Amino acid sequence: MAEYNRVSECVGLITLRNPPVNALSAAVRQGIVDTVERALSDPNVKSVVICGQNGIFCGGADIKEFGSKMTGPPLIPMIHAIESANKPVVAAIEGSALGGGLELALGCHYRIAHSKARLGLPEVSLGLLPAAGGSQRLPRLIGVPAALNLITTGRHVTAAEALQLGIVDQVTDHNTVDAAVKFALSVAGRSLDPRRISTHPCPQQPDLDALFEEVMQKVRQSARGAIAPIACVQAVRAAATLPYAQGMERERELMATLFTSGQARALQYCFFAERAVGRWRMPSGARWDTSKPRPVHKAAVIGLGTMGRGITVALAQTGLSVIAVETQEKQLMEAKQAISGMLERGAKRRGVAPALDRVIYSQNIQAVADVDLVIEAVFEDIALKTKVFQQLSAVCKPGTLLCTNTSALDVDQLASETPNPELVVGMHFFAPAHVMKLLEVVYGPRSSPQAVATAMQLGKKMGKASVAVGNCRGFVGNRMLKPYIEEAFFLLEEGATPELVDQALEEFGFSMGVFRMSDLSGLDVGWRVRKGDGLVEPGTASGRSARIRQGRRYSPLGDLLCEEGRFGQKTGRGWYQYDKPGSRVARSDPWLHSFLGAYRAQHGLVARRIDHQEVLERCLYALINEGFHILDDGIAAGPEDIDVIYVSGYGWPRHRGGPMFYANMVGLAKVLERLEHYQQLHPEVPHLQPSSLLRRLVASGSPPIHKWGEVIKKLHSQL
Ligand SMILES: CC(C)(COP(=O)(O)OP(=O)(O)OC[C@H]1O[C@@H](n2cnc3c(N)ncnc32)[C@H](O)[C@@H]1OP(=O)(O)O)[C@@H](O)C(=O)NCCC(=O)NCCSC(=O)/C=C/CCCCCCCCCCCCC(=O)O
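Procedures and definitions
- Residues numbered from 1 in each chain as written.
- Predicted model: local features only at pLDDT ≥ 70, side-chain atom pairs only at ≥ 80, totals over all residues.
- Heavy atoms only, no water.
- UniProt positions renumbered as here; feature names shortened; annotations may be inferred.
- Helix = DSSP H or I, 4+ residues; strand = E, 2+ residues; numbered from the N terminus.
- Pairing = 2+ DSSP bridges.
- Axes fitted to C-alpha atoms, helices over the stretch in contact; angles between N-to-C directions.
- Contact = heavy atoms within 4.5 Å.
- Near = heavy atom within 4 Å.
- Polar contact = N/O pair within 3.5 Å; in protein donor to acceptor, adjacent residues only side chain to side chain.
- Areas by Shrake-Rupley, 256 points an atom, 1.4 Å probe, with all protein chains shown as cover.
- Parallel < 35°, antiparallel > 145°, perpendicular 65-115°, else oblique.
- Left-handed = near helix turned anticlockwise from the far one by under 90°.
- Nonpolar A, V, L, I, M, F, W, Y, C, P; charged D, E, K, R; others polar.
- pLDDT = per-residue confidence, 0-100.
- Patch = residues over 30% accessible without salt bridge, like charges linked within 9 Å, V, L, I, M, F, W, Y side chains within 5 Å.
- Salt bridge = Lys/Arg side-chain N within 4 Å of Asp/Glu carboxyl O.
- Lys, Arg positive; Asp, Glu negative; His and termini not counted.
- Charge placed at Lys NZ, Arg CZ, Asp CG, Glu CD.
- Buried < 20%, exposed > 50% of the residue type's maximum accessible area, 1.4 Å probe, protein only.

Draft legend 1. Structural view of the UniProt feature "domain: 3-hydroxyacyl-CoA dehydrogenase C-terminal" (unreviewed entry) in the protein. Listed under "domain: 3-hydroxyacyl-CoA dehydrogenase C-terminal" (unreviewed entry) in the UniProt record, and renumbered for this structure, are residues 474-578 and 615-701. As a span, residues 615-701 carries 69% helix and 0% strand, and end to end its C-alpha atoms are 27 Å apart.

In structure tokens, the structure reads:
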């Protein structure tokens, strides 16, 4: 809807009303068409201002409408009518002007922004392009290089940057609508021809071909198979080389391809999934909207290794006071230096003052007595963590929330060692903790809803994609990673190379294949876990029996590499070789290939040709199958939770929507059929046995992903 008022006698004020972000739904578009017509036909109106209610101009087209048949007036002619108006139209931009919202503003003759406003064309992140003339008007207004940058990245700019780029005409710290009305009065009667952006040529750009070639190459590299960024470059190229009308036709053609693509569906699903995970719920019935978080002003971090340092930085950057505790003096001093450096670099990047004085360093755990929340980040050892938790329970004021940053240990066991288990939750950060977007908030059966609410709210404040998950081995992310890694090892035994497996996964869109990832995170991490599980056996036993452990197929390949001291990047050797320890450029290693050959010979394995399809099916379907087990167990509340975890923390390509969305796209019956096929070939691999939930979903006719909950619930209500 759009409301119309006459203000200052001769200014028509149009207010977009569609909470929460004034998205351009059919009703809003109709409202704009009607009110603009009214303002233009009123002889008392000399100029027009368009604003949005509740401090936000417009969040763009209504994404929810994309899934169904579009009704109401289309955006392009609506914006054209504004640009062609014979009275000046001024956009008063508060909060956000994004996507179609900014395109609407570009159709106006002038733009006034509040200093705190953010502007951008983020369509690319939804698998689209700015197809309401944005790809044609923005380059004409600010030049091709700047427009390419904004449109291909989708980044939001501040009002100050928008002013500098020439997107807005004025920035105000005061009431934006008042400033826009005053401005509208001042320009009434002026010629509007120079203000109609579509009539401008694109600013001249030397060596246009070279520029587009360079940008296209960069975009292709970073897109990892996503098609929208490439279409965005093509659309801007049309703006730079064609008259406006032809450019608009090209914009329409490119959008037509993107609009119905699976990638657009996946990316739009991710947008809503990221918001849905904030509405968490626990099997006990506790939920986000009935659980009040406790205020957290002061926090503590115990243990200042890599994780503890990152967590301290993330907390301080959020504006909290942090007590950072490390018992060893030398380590404390090193950590202080490292944390200060990270805070200074982060502040420089964001153009703010470093939050150095928000962190107080101490060797004494007593220093945390008055904090609201503690995050323990000591070494992954249950006995050590238990001791720390017992000390914390004795030291902290009543009610202090005790969080453990663990990637594998049993949060419930830890809670049971404390007098107040309801105050204990896991906060599983990902390294580097001040950079990585993902946070798993792990609740045990005794964690209070308030503790979960507090950790979730803190995660959100830190800018993390925070997902509440139940307590189990590996939680959600690492639990699903286990069968994925094991399948990759089995593929090596059967004839694949790390290069082949990684190439298949990277072509699929992963930022890093499984072996390059393993080299980066360190092979010794998994080795330690497998040793703890009693799976690692010394010696050189050969044959099939040596590869069956605890009743199931086991590949000792990772253990054998570790025995050689090949821990990955940090030792300069792993699944690949590196120029020197710590170097990041992975090169194929002939030693590894002959090692694999000798290993196969020793175990009587005959290498066979393995193609990319088999790599993808075995690795990804094994991971997805575990996801179905997780849903069935109630560890994740819904497929969105799993998908957000994989997209934000595990390099799963966003344009494929996350593993569960991908399974839905591929077709659940097909996933089931392929798992059954591989399970028949490898009966000693339990993770290839299709989960009962997958079978039930297929038996229910493979409902769409947003209806899976009904099938899951049916079982839970029968328990
Ligand atoms: C920054 C925000 C705006 C606000 O952030 P915040 O305050 O943190 O709040 P959120 O939690 O994010 O959001 C609150 C709720 O609002 C919902 N929301 C937000 N934005 C939208 C939206 N644009 N539409 C619908 N709903 C929205 C959000 O989901 C929350 O609700 P809930 O919790 O999920 O219930 C932030 O929200 C934000 O960044 N929003 C997205 C901004 C964005 O990406 N905008 C671009 C949208 S796409 C667009 O504008 C495209 C324009 C061009 C369209 C061209 C015409 C299309 C049809 C052409 C068809 C082509 C076929 C051709 C065929 C042929 O011709 O042959």
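Now that the structure has been shown, the text picks up again.
Draft legend 2. Broad picture of the sheet that holds strand β14 (residues 401-404). Spatially, eight strands are ordered β12-β11-β10-β13-β14-β15-β16-β17 in an open sheet, and the strand pairing comes out mixed. Only two strands of the sheet have a single neighbouring strand rather than two, namely β12 (359-362) and β17 (465-470). Strand-to-strand twist in this sheet, taken as the mean axis angle between neighbours without regard to direction, amounts to 25°. Looking at chain direction, strand β15 (residues 424-429) and strand β16 (residues 438-443) are connected through four bridges and run antiparallel. Across the sheet, F429 pairs through a bridge with L439, a residue of β16. Contacts between helix α14 (residues 382-395) and the sheet are confined to β10 (298-302), β13 (373-376), β14 and β15, with β14 contributing the most and set at about 165° to the helix.

Draft legend 3. View of the site of the ligand. In the region of the ligand, 27 residues are neighbours, and G59, A61, G100, R252 and R275 sit closest. A61 places a main-chain nitrogen or oxygen 2.8 Å from an oxygen atom of the ligand. One of the side-chain N or O atoms of R279 is found 2.9 Å from an oxygen atom in the ligand. For the ligand, the accessible surface in isolation is 1300 Å², of which the surrounding protein chains cover 70%. Counting residues per element, the ones that place at least two in the shell around the ligand are β5 (96-98), α3 (100-107), α10 (244-259) and α11 (262-276).

Draft legend 4. Looking closely at the packing of helix α1 (residues 26-41) against helix α2 (residues 75-83). Viewed as axis vectors pointing N to C, α1 and α2 meet at an angle of 25°, and their least axial separation amounts to 10 Å. Regarding the angle of α1 to α2, the classification is roughly parallel. As for how α1 packs across α2, the hand of that crossing is left-handed. Side by side, α1 and α2 meet where R29, I32, V33 and V36 of the first sit next to L75, M78 and I82 of the second. Residues that form the contact of α1 with α2 fall into these classes: six nonpolar, no polar and one charged.

Draft legend 5. Representation of the pairing of strand β1 (residues 2-7). Of the strand pairs in this sheet, β1 and strand β2 (residues 11-16) are connected by six bridges, and their pairing is antiparallel. Each residue of the ladder has a partner; that of V7, found in β2, is V11. Connecting the antiparallel pair β1 and β2 is a turn made up of three residues, with S8 showing a positive phi of about 45°.

Draft legend 6. Spatial organisation of the UniProt feature "domain: 3-hydroxyacyl-CoA dehydrogenase NAD binding" (unreviewed entry) in the protein. Taking the numbering used here, the UniProt-annotated feature "domain: 3-hydroxyacyl-CoA dehydrogenase NAD binding" (unreviewed entry) corresponds to residues 298-471. With 39% helix and 23% strand, residues 298-471 has its two end C-alpha atoms placed 26 Å apart.

Draft legend 7. Layout of the packing of helix α4 (residues 134-142) against helix α5 (residues 144-153). Across the interface, α4 lies against α5 with an axial gap of 7 Å and an inter-helix angle of 140°. As the angle between them shows, α4 and α5 are arranged oblique. For the pair α4 and α5, the crossing hand works out as right-handed. In this structure, α4 contributes G134, S135, L138, P139 and I142 to the contact, and α5 contributes V144, A146, A147, L150 and I151. Its residues assigned to classes, the contact of α4 with α5 comprises eight nonpolar, two polar and no charged.

Draft legend 8. Highlighting the confidence of the model for the protein. The pLDDT averaged across the protein works out to 95; a share of 99% of its residues lies at or above 70. Confidence metrics for the complex model read pTM 0.95 and ipTM 0.98.

Draft legend 9. View of a positive patch on the surface. There is a patch of like positive charges on the surface, built from R345, R349, R350 and R358. The residue R345 is located in helix α13 (residues 329-350) in this model.

Draft legend 10. Here's a closer look at the sheet that holds β5. Taken in spatial order, the three strands line up as β5-β7-β8 in an open sheet, and their pairing is mixed. Both edges of this open sheet fall to β5 and β8 (156-158), since each of them pairs with a single strand only. Taken pair by pair, the neighbouring strands of this sheet meet at an average axis angle of 20°, ignoring direction. One ladder, built from three bridges, connects β5 with strand β7 (residues 118-120); its direction is parallel.

Draft legend 11. Quick peek at unusual backbone geometry. Each neighbour pair has its own omega, and for P19 with P20 the value is 5°, a cis peptide bond. Examined against the element boundaries, P20 turns out to sit in the loop between β2 and α1. In this structure, E9 takes a positive phi of about 65° despite not being glycine. By the secondary structure assignment, E9 is in the loop between β1 and β2. Under the relative-accessibility criterion, E9 is labelled exposed at 66%.

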